[in-house]
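Working through the structure, step by step
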Amino acid sequence: MYRNRTCGELRIADVNKEVTLSGWVHKMRKMGGMTFIDLRDRYGVTQLSFNQEVNHELCEKANKLAREYVIQVSGKVAERSSKNQHIPTGDVEIIATEITVLNAAQTPPFTIETETDGGDDLRMKYRYLDLRRNVVRKNLELRHKMAFETRKYLDERNFMEVETPVLIGSTPEGARDFIVPSRMNPGEFYALPQSPQLFKQLLMVSGFDRYFQIVKCFRDEDLRADRQPEFTQIDCEMSFVDQEDVLNMFEGLTKHLFKTQKGIDLPDFPRISYADAMRQYGSDKPDIRFDMKFVEIKDLTTGGGFGVFDSSEYVGAICAQGCASYTRKQLDELTDFVKRPQIGAKGLIYVRYNEDGTLKSSVDKFFSEDDLKSWAERCNANPGDLLLVLSGETEKTQKQLAELRLEMGSRLGLRDKNNYKCLWVVDFPLLEKDEELNRFFAKHHPFTSPKPEDISLLDTDPGAVRANAYDLVINGVEVGGGSIRIHDSALQKKLFSVLGFTEERAQEQFGFLMNAFKYGAPPHGGIAFGLDRLVSLFAGLDSIRDCIAFPKNNSGRDVMIDAPSRIEQEQLDELGITLHLKVK
C-alpha cells in the first residue's frame, strides 16, 4: 500500500493518527536541525517534519531529496506550531518516521509553482510537468465537473449520449477538413468531422428524439487564442421542437452550470436580433457588460462642409461617460488604436462635453457648438462625457466602432471577468453573398431552416431571408450556436439550388440525408456549445489552451511529441501517396 491518505485531506481532527502519504517533493526548507518538506499530490500539499536530534539517519536521508522526487512517507499527524492559513492542511504536519524514494527526478526546466518561470513554449514542451501546477490542474478539474454536470442535466431530461463516426466523408463547404488517406481504398480519403451535424440529424430521423455527445471536432483553420485544430463540443439535438424549446432547454443548462460551478444565479437571458446587434454594437457577439451603444448621427453631420462626413455612408458615435478629461495624449492613443491595420480606420473625431457645459471637438471649424450639442443630445451625453465618432462605409465602420467600444470598455474597467452577462442573438441571415464568386453561401450550414415567413424570399431576395438560427453569447464570446433544421426534402432541395448545388452534386454529398428525409423526418433542431471556450470563460482565462490537457501551439504543433511529423516512405508507398513539397 503506497498511501492510506492523500496530501490534501488531513485536518486538526487527524492529530495523533498514523498515516502513509505518497507524492512529489514540492519544496524543501532546512532550519537548524530541522528539515521541512512540502509533499504534493493532485489533492493538495502536506508538510513533513524531520528532526535531526530525534532521528539523525532519517533526517539525512530527507536532506538528500530534491524537487519533484517521488517519495512515500509514514508518520504521525501533529499540530503545527507555525500554522499556514493559505492551505487547507495548514494546521497539521507529519512527524516522519519512515521515508522511501519511489523515483528520483532531474531538476525540472521550470518551477512547479503558480507563477512559473517557464514561458509558453517551454511549458508546452514539458506539458506533463506544467499539468502538475495547481492553477493548470484546477482548470482541468473544472472542465471535468462541467462535463459531468452537463451529462447529469441532459440525462435527467431524457437526452441519450450517442457516439458518431470520426472517419467520415469530406464536405468542401465551410472550414477546411483534416484529410485521412484510406489504405484499403487507394486514392480515396476520409475526413475528420468538423461537427457531427449530419449524423445527429440522422439520429432524429431514427427516432432517438433527444441526443447529445461531448465530442472532439476538427477544423484545419488558422489559429488564435480561442481556436485549436481539435476542439470539444457539447453537441445536442432534439425532435418535435421549435426555437423557443431549444433556447429554454439550453438556457437552463447554462444557468445550471453557473449555479453548480460558480454559485451564481443568472437572470433570464435577453434576446437581440442579429440586425439590432450589428446596428447597436457592430458585432454578432456583443459584450453587454456595459452600455455604450452606437448612435447614428449621419443626418446631423451632413452639410457642415466636413468632406469626410459628407462623403460617408455612415457616421456613428459612442459616448464614453466621464471621459471629457482625457488628455491629448490619451486621444492620440485612441486614434492610433483605430488606425491599426487590424482595424483600418483613417482617423477618429472626438467631442468633449466639458463639465461647464461647453463642447469642444477636433472639427470645431466645421461645426458650431449648437451642432455639437445636437450630437450630444442624440447620444444622451452629459457634461463630463466624451463622444468618439467614426465614419465611412456602414458595415466596415460599425466593425471599427465595435473594436473602439471594446477598447474603451477595457480602459474604463467595464469588462470584469467575474461579471457574467449572457444573451441570445437570433434571426441571423440565412445566407451571405460572395460578391467575387457571385453566389450565396450558408451563413451557418445548408441544413438551417429559414424563418417560415421568409421562405418565399428564396425566389426573389435570398439575401433578405432570416434563419431559424441562434447563438449564445457570454461577455462578448460566442460559446454556442445552433438552429432549427430543415426537415422537408423539397425545402432542402430548394436551398441547395439557391446555394448553387446541382442535383447531382447535392445527391453526391448529401444524398444519404435527403433520402433519409423521405422516410419521415420529424421537425428538429439543436445546438453545440464550445466546451473549451465555456471552461476558459468560467476559469477567467485569456486562452483556451490552459483548459485543454495537451493543446497545440499557435502553429498547430504539439511541441511535446513533435507532431505533425514526417512519415516513413514505406508508409507513403503503402498509401499510394507521392509528396510534392513546396520549398519555404
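A short tour of the structure in this document, coming up. (Residues numbered from 1 in each chain as written. Predicted model: local features only at pLDDT ≥ 70, side-chain atom pairs only at ≥ 80, totals over all residues. Heavy atoms only, no water.)

Quick notes on the overall build of the protein
Scanning the protein from terminus to terminus reveals 17 helices and 22 strands. For the protein, the C-alpha atoms occupy an extent of roughly 90 × 75 × 55 Å along the three principal directions. Relative to its full complement of 584 residues, the protein shows a buried share of 47%. Intrachain contacts of the protein at a sequence separation of at least 6 include 65% that bridge at least 24 residues. (Helix = DSSP H or I, 4+ residues; strand = E, 2+ residues; numbered from the N terminus. Buried < 20%, exposed > 50% of the residue type's maximum accessible area, 1.4 Å probe, protein only. Contact = heavy atoms within 4.5 Å.)

Observations concerning the side chain of Q400
Structurally, the position occupied by Q400 is in helix 12 (residues 394-411). Those residues in contact with Q400 that lie beyond four places of it in its chain are I343, G344, A345 and L390.

A short note on the pairing of strand 9 (residues 210-218)
In terms of residue burial, strand 9 counts as a mostly covered element, since seven of its nine residues are buried. With nine bridges connecting them, strand 9 and strand 10 (residues 230-239) associate as antiparallel partners. Paired with Q213 across the strands is D235, a residue of strand 10. (Pairing = 2+ DSSP bridges.)

Thoughts on helix 12
An α-helical segment advances 3.6 residues per turn. Residues three or four places apart therefore align on the same side. Look at helix 12: 25 Å from first C-alpha to last across 18 residues, which is about the 26 Å you get at 1.5 Å a residue. T397, Q398, Q400, L401, A402, L404, R405, M408 and G409 are the residues of helix 12 that are buried. On its buried side, helix 12 packs onto helix 7 (274-281), strand 13 (314-320), helix 10 (328-339) and strand 16 (386-392). With its phi angle positive at about 70°, G413 sits one or two positions after the end of helix 12. (Expected span 1.5 Å × (residues − 1).)

Description of the pairing of strand 13
Counting buried positions along strand 13 gives seven out of seven residues, so the element sits mostly inside the fold. Across the two faces of strand 13 the burial is the same, with Y314, G316, I318 and A320 and V315, A317 and C319 all buried. Here two bridges tie strand 12 (residues 295-296) to strand 13, and the two strands are oriented antiparallel to one another. Looking at the pairing, V295 lines up with A317 of strand 13.

Quick word on the environment of E79
Counting through the fold element by element, E79 comes out in strand 4 (residues 70-79). In this structure the C-alpha to C-alpha distance between E79 and I455, which are 376 residues apart in sequence, comes to 75 Å. Excluding residues within four positions of it along the chain, E79 makes contact with I12, V15, D91, V92 and E93.

Here's the deal with the packing of helix 10 against helix 12
What describes two packed helices is the angle between their axes and the distance between those same axes. For the pair helix 10 and helix 12, interaxial distance at closest approach is 10 Å and the crossing angle is 140°. One element, helix 10, and the other, helix 12, form an angle in the oblique class. The way helix 10 lies across helix 12 gives a crossing that is right-handed. Residue-level contacts link Q330, E333, L334, F337 and V338 of helix 10 to E403, L404, E407, M408 and R411 of helix 12. Of the residues in the contact of helix 10 with helix 12, the class split is five nonpolar, one polar and four charged. (Axes fitted to C-alpha atoms, helices over the stretch in contact; angles between N-to-C directions. Parallel < 35°, antiparallel > 145°, perpendicular 65-115°, else oblique. Left-handed = near helix turned anticlockwise from the far one by under 90°. Nonpolar A, V, L, I, M, F, W, Y, C, P; charged D, E, K, R; others polar.)

Some remarks on helix 11 (residues 369-378)
Turning to helix 11, its buried residues are L372, W375 and A376. One side of helix 11 holds all its buried residues, which, seen down the axis, span an arc of 100°. For helix 11, the exposed residues set more than 90 degrees away from the buried face come down to D370 and E377. Those residues of helix 11 that are buried are in contact with helix 8 (298-301), helix 9 (307-310), strand 14 (349-353), strand 15 (359-361) and strand 16. (Arc of directions from axis to C-beta.)

A short note on unusual backbone geometry
Residues apart from glycine generally show negative phi values, whereas peptide bonds are mostly found in trans. Looking along the chain, the bond that leaves A563 and enters P564 is cis, with omega of 5°. Position of P564 among the secondary structure elements: in the loop between helix 16 (531-539) and helix 17 (569-575). Backbone geometry places F240, a non-glycine residue, at a positive phi of 55°. A residue is classified by how much of its surface remains accessible, and F240, at 61% relative accessible area, is exposed. Look at M292: it is not a glycine, yet its phi comes out positive at around 55°.

Observations concerning the packing of aromatic side chains
Here a ring pair, both rings aromatic, is described through the centre-centre distance and the interplanar angle of the planes. Going through the model one piece at a time under the given rule, you end up with 18 aromatic pairs. Centre to centre, the rings of W424 and Y470 are 6.3 Å apart; their planes meet at 85°, and the pair counts as edge-to-face. Here W424, found in strand 17 (residues 422-426), pairs with Y470, found in strand 20 (residues 469-474); they are 46 residues apart in sequence, far enough to count as distant. Ring centres 5.2 Å apart and planes at 45° place the aromatic pair F496 and F501 in the tilted group. Joined through ring pairs, the aromatic side chains of F306, F309, F366, F367 and W375 make up one cluster. Over the aromatic face of Y153 sits the side chain of R157, whose NZ or CZ is 3.6 Å from the ring centroid. (Phe/Tyr/Trp six-rings, centres within 6.5 Å; stacked < 30°, edge-to-face > 60°. Lys NZ or Arg CZ within 6 Å of the ring centre and 35° of its normal.)

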